[in-house]
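Descriptive analysis of the structure
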Amino acid sequence: MSETTAGAGPMIRVDGLHKSFGELEVLKGIDLAVDPGEVLCIIGPSGSGKSTLLRCINLLEQPTEGDVWVHGIKLTDQDVDIDRVRAHMGMVFQSFNLFPHLNATQNCMLGQTAVLGRSKAEAKRIAEHNLVKVGLFDRMDYFPAQLSGGQQQRVAIARALSMDPLLMLFDEPTSALDPELVGDVLSVMRQLADDGMTMVVVTHEMAFARDVADRVIFMDEGVIVEQGPAAQVIGAPTQERTQVFLQRVLDPTHVREIGELEPIDVAPAWTHA
Amino acid sequence: MTQPDHSAAAALTTPSPSSPLTGLDAVAARKGMSPRQKTLVVRIVQYVVFVGVVLAVVFTANWHQLGQVFARSDVLRITFTSTTDVTLGTSKHVINGLLLALCNTIVYSVGAFIIGLLLGTVLALMKLSSVGPYRWVATIYVELFRGLPALVVLLIFGMLPVAFPGLQFPLDPYGTVWLALGMVYAAYMSETIRAGIQAVPKGQIEAARTLGMPAGMATRRIVLPQAFRIITPPLTNDLVSLVKDSSLVYILGLTAQGFELTKFGRNLQNANANLTPIALAGLCYLVITVPLGFLVRHMENKSATRAGAR
Ligand SMILES: Nc1ncnc2c1ncn2[C@@H]1O[C@H](COP(=O)(O)OP(=O)(O)OP(=O)(O)O)[C@@H](O)[C@H]1O
Ligand SMILES: [Mg+2]
């Protein structure tokens, strides 16, 4: 292990990160450090490069320029065994990406047996432990097609946790879910944060970011525009781009601009006795 | 269900005077038939034509002659009871000829199918490889063996031991047939397998790589199992074709022990100057291929309903 000693210093460090797809420069110099146990939320408009940044951290995308360190290991070093490091970086995708030919427990076991070399019995025990943890004790032998979106995403979280990750990356984990299922997933993530997991979360859930994040980053057009404690970035943004974005996200119906409209939290007529 | 239907139909046929349908109704009345009546008439005509053709065939066909040609009872008996001497290592057995031919057909087809599957998978992976020469070799192979008639390939493989003295395929003639038909079908199957691999969403590979799997392991453990699930129906269709193409084996100089259904039927046909053995051999093919066809359709329906349920 090179450069810094493992464990000391930040869990994730990103230095001068650039990423281009052909002519299109998506990330234009990102500097970032995430401490162990920190929960970092990344917000920003569509196409601003949030996913690309996350995918550069575990090298699903190869950075064009700049360096990434995780746990003191320089991932952008050509000689690094990226598969070994990836095994300890959990990632949760917007579209779950569960393995459809395996049931929930097997989804959580495969990485453990195939990559970490754990015995089947041990892998099963750990898989079941994590499925219980995400509230799916009664769905362990269900296949992904038999689970709701929220349940699938929780299996995906359990699958990542089963690898004993040093950190977890979440790319809009609730964006593909029906509104009533979002809460289950968010409360699992909240629990993880409380347990001290290092987390980087790309999200549009402002309430979650405000309550759970230690720090919030607002990205736009490939750069970090503003960052700081959640209360500051979301509650009292100083940059105009952040203000415009938050106004649109927190107030998607533009009620105030239109005026006239009633507040929407009135109970619907049919609930009146 | 029926109640609203009735009322809707009534509304269409007897519109109130002020209804905008009045004009339409007048047009229909002039032609004398409602659309529903017309459909009925067309259907009746179709049934009449069908029954007419069937009756014509039944009454004009020379059933006695047909029976003599395709199902002569004495030849049937000969076909069912003929036996073949089989040598397995040092032991000798006498086995029912038709049963042996049926087994040989299955052994030839399944062996070639397995070779085609293995080689086809390698070719598909080569074609998707980032290494240029792999792609070129795979492309040339596929073009070559898809363009050649299977019969020609079989002939060449049959002649190879003659052309190269000392060359001997294992388990002759089985090895020869497996290799020749397997190599031809590998070309077809590789295209199917490649499509299956490409149908697996990219997120599956990403999820696997994120768990720390190297690329090869992700392919073996995640991509291929899903790809083969997707392409089981078309691959089963390939197996059906292979069962039929195994009949080409007759071109090789086989001993009776290696006869498959077609060769077996043809030999008895020549001996008896009658088509009954060949007709029976044909029936045996259907015994294999029709259930496989049903299986394919069952699988397709199942995957369709599963996709629909999601
Ligand atoms: N593999 C790729 N090839 C080419 N362009 C890409 C690729 N991946 C992303 N992009 C482009 O990079 C830009 C940033 O994409 P990215 O997915 O990082 O945005 P995002 O902030 O995550 O947006 P969203 O909120 O919609 O998920 C987009 O313009 C996108 O089209
Ligand atoms: Mg994104």
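This is a predicted model, so every value here is computed, not measured. (Residues numbered from 1 in each chain as written. Chains lettered and ligands numbered in written order. Predicted model: local features only at pLDDT ≥ 70, side-chain atom pairs only at ≥ 80, totals over all residues. Heavy atoms only, no water.)

Quick look at the site of ligand 1 now. All names here are of chain A. Around ligand 1 there are 13 residues in total, and Ser 46, Gly 47, Lys 50, Ser 51 and Thr 52 lie nearest to it. Between ligand 1 and the protein, one listed contact pairs an oxygen atom with a side-chain N or O atom of Ser 46 at 2.6 Å. Glu 172 is positioned such that a nitrogen or oxygen atom in its side chain is 3.0 Å from an oxygen atom of ligand 1. Considering ligand 1 on its own, with 630 Å² of exposed area, one finds that the protein chains cover 60% of that surface. Every element with two or more residues in the shell around ligand 1 is listed here: strand S2 (24-34) and helix H1 (50-57). Per element, the largest residue contribution to the shell around ligand 1 is 3 residues, and it comes from H1. Split into classes, the residues belonging to the shell around ligand 1 amount to 4 nonpolar, 7 polar and 2 charged. (Near = heavy atom within 4 Å. Polar contact = N/O pair within 3.5 Å; in protein donor to acceptor, adjacent residues only side chain to side chain. Areas by Shrake-Rupley, 256 points an atom, 1.4 Å probe, with all protein chains shown as cover. Helix = DSSP H or I, 4+ residues; strand = E, 2+ residues; numbered from the N terminus. Nonpolar A, V, L, I, M, F, W, Y, C, P; charged D, E, K, R; others polar.)

Residue and element names in this part refer to chain A. On the basis of which strands lie adjacent, the open sheet formed by 6 strands has the order S6-S7-S8-S3-S9-S10 and mixed pairing. Every other strand in the sheet has two partners, leaving strand S6 (89-92) and strand S10 (223-228) as the edge strands with one partner each. The sheet shows a mean angle of 15° between the axes of neighbouring strands, direction not considered. By the bridge criterion, 5 bridges tie strand S9 (residues 215-220) to S10 in an arrangement that is antiparallel. Looking across to S10, one finds that Val 216 is bridged to Gly 228. (Pairing = 2+ DSSP bridges. Axes fitted to C-alpha atoms, helices over the stretch in contact; angles between N-to-C directions.)

Counted under the stated rule, the structure contains 2 cavities of 30 Å³ or more. In this structure, the largest cavity encloses a volume near 80 Å³. Gly90(A), Met91(A), Ala160(A), Thr210(B) and Leu211(B) are, among the 13 residues lining the largest cavity, the residues nearest its centre. In this structure, the second largest cavity occupies an estimated 40 Å³ of space. Contributing to the lining of the second largest cavity are Lys133(A), Val134(A), Leu161(A), Val188(A), Gln191(A) and Leu192(A). Each residue belonging to the lining of the second largest cavity can be placed in one class, and the counts come to 4 nonpolar, 1 polar and 1 charged. (1 Å grid on protein atoms, 1.4 Å probe; cavity = no way out; pocket = protein on both sides within 12 Å on 5 of 7 lines; lining within 4 Å. Points joined across faces, edges and corners; volume = space filled by probe spheres on them.)

If you look at the biggest cluster of nonpolar residues, it comprises 51 residues, and the most contacted ones within it are Tyr141(B), Phe145(B), Leu154(B), Val177(B), Leu181(B), Ile197(B) and Leu261(B). Elements with a minimum of two residues in this core: helix H6 (97-127), helix H7 (132-147), helix H8 (150-163), helix H9 (174-199), helix H11 (215-245), helix H12 (261-272) and helix H13 (276-309) of chain B. No other element matches the 11 residues that H9(B) contributes to this core. Setting aside chain neighbours within four positions, we find Phe145(B) in contact with Val153(B), Met183(B), Val184(B) and Ala187(B). Judged by nonpolar contacts, the second largest core, of 49 residues, contains Val39(A), Phe96(A), Leu98(A) and Ala213(A). (Core = buried A, V, L, I, M, F, W, Y, C linked by side-chain atoms within 4.5 Å. Buried < 20%, exposed > 50% of the residue type's maximum accessible area, 1.4 Å probe, protein only. Contact = heavy atoms within 4.5 Å.)

Moving on to the interface of chain B and chain A. Across the contact, 19 residues belong to chain B and 22 residues belong to chain A. Taking both partners together, chain B and chain A bury about 1800 Å²; carbon and sulfur atoms supply 62% of that area. Looking only at chain B, the three residues that lose the most surface to chain A are Glu206(B), Thr210(B) and Leu211(B), adding up to 33% of its buried area. The closest approach of N and O atoms between Arg209(B) and Asp83(A), which form a salt bridge, is 3.2 Å. In this structure, the connection of chain B to chain A is made through 5 residue pairs in polar contact (both at pLDDT 80 or more). Elements that contribute at least two residues to the side of chain B that touches chain A include exactly helix H10 (202-210) and H11 of chain B. Considering every element that reaches the side of chain B that touches chain A, the biggest residue donor is H10(B), with 8 residues. Its residues assigned to classes, the side of chain B that touches chain A shows 8 nonpolar, 5 polar and 6 charged. (Buried area = accessible area lost by both parts, 1.4 Å probe. Salt bridge = Lys/Arg side-chain N within 4 Å of Asp/Glu carboxyl O.)

Here we come to the environment of Ala124(B). Residue and element names in this part refer to chain B. One can find Ala 124 in helix H6. The exposure class of Ala 124 is buried, given its relative accessible area of 1%. In this structure the C-alpha to C-alpha distance between Ala 124 and Ile 106, which are 18 residues apart in sequence, comes to 26 Å. Once residues within four sequence positions are removed from consideration, Ala 124 is found in contact with Ser 190, Ile 193, Arg 194 and Ile 197.

Moving on, we get to the packing of H10(B) against H11(B). Residues and elements named next belong to chain B. In the contact formed by H10 and H11, the axes pass within 9 Å of each other and the chain directions differ by 140°. Compared by their axis directions, H10 and H11 come out oblique. For the pair H10 and H11, the sense of crossing is right-handed. Taken together, the residues of H11 that come into contact with H10 (itself represented by Gln 204, Ile 205, Ala 208 and Arg 209) are Ala 215, Ala 218, Ile 222, Val 223 and Gln 226. (Parallel < 35°, antiparallel > 145°, perpendicular 65-115°, else oblique. Left-handed = near helix turned anticlockwise from the far one by under 90°.)

The next thing to look at is unusual backbone geometry. All names here are of chain A. Even without being glycine, Leu 59 reaches a positive phi, approximately 60°. Overall, the relative accessible area of 10% leaves Leu 59 in the buried class. Residue Glu 221 is not a glycine yet carries a positive backbone phi of 50°. Summarising the element assignment, Glu 221 is placed in the loop between S9 and S10. When its relative accessible area of 52% is taken as the criterion, Glu 221 is described as exposed.

This next bit is on the confidence of the model for chain A. Considering every residue of chain A, the mean pLDDT works out to 88; 89% of them sit at 70 or more. Confidence drops under a pLDDT of 50 for residues 1-5 of chain A, and excluding neighbours within four residues, the segment shows 8 contacts in the predicted structure. (pLDDT = per-residue confidence, 0-100.)

Taking 1.5 Å per residue, 31 residues should reach 45 Å; H6(B) reaches 43 Å between its end C-alpha atoms and fits that length. Where H6(B) begins, the capping side chain belongs to Asn96(B), and its oxygen is found 2.9 Å from the backbone nitrogen of Leu98(B). (Expected span 1.5 Å × (residues − 1).)

All names here are of chain B. Taking 1.5 Å per residue, 16 residues should reach 22 Å; H7 reaches 23 Å between its end C-alpha atoms and fits that length. Of the residues making up H7, those classed as buried are Gly 132, Ala 138, Tyr 141, Val 142 and Phe 145. Where the residues of H7 are buried, they touch H6, H8 and H9.

Residues and elements named next belong to chain B. Together, Phe 50, Val 51, Val 54, Leu 55, Val 58, Phe 59, Trp 63, Leu 66, Phe 70 and Leu 275 line one region of the surface with nonpolar side chains, adding up to about 960 Å² of accessible area. The set of elements that each furnish at least two residues to the nonpolar patch consists of helix H3 (35-60) and helix H4 (63-70). A total of 6 residues in the nonpolar patch trace back to one element, the largest contributor, which is H3. Within the secondary structure, Val 51 is located in helix H3. (Patch = residues over 30% accessible without salt bridge, like charges linked within 9 Å, V, L, I, M, F, W, Y side chains within 5 Å.)

Residue and element names in this part refer to chain A. Within the open sheet, the 4 strands sit side by side as S2-S1-S4-S5. Their pairing is antiparallel. For this open sheet the edge positions go to S2 and strand S5 (73-74), each flanked by a neighbour on one side alone. Direction of pairing for strand S1 (residues 12-21) relative to S2: antiparallel, over a ladder of 8 bridges. Each residue of the ladder has a partner; that of Phe 21, found in S2, is Leu 24. Against the sheet, H1 touches S1, S2 and strand S4 (65-70), its axis set at about 120° to S1.

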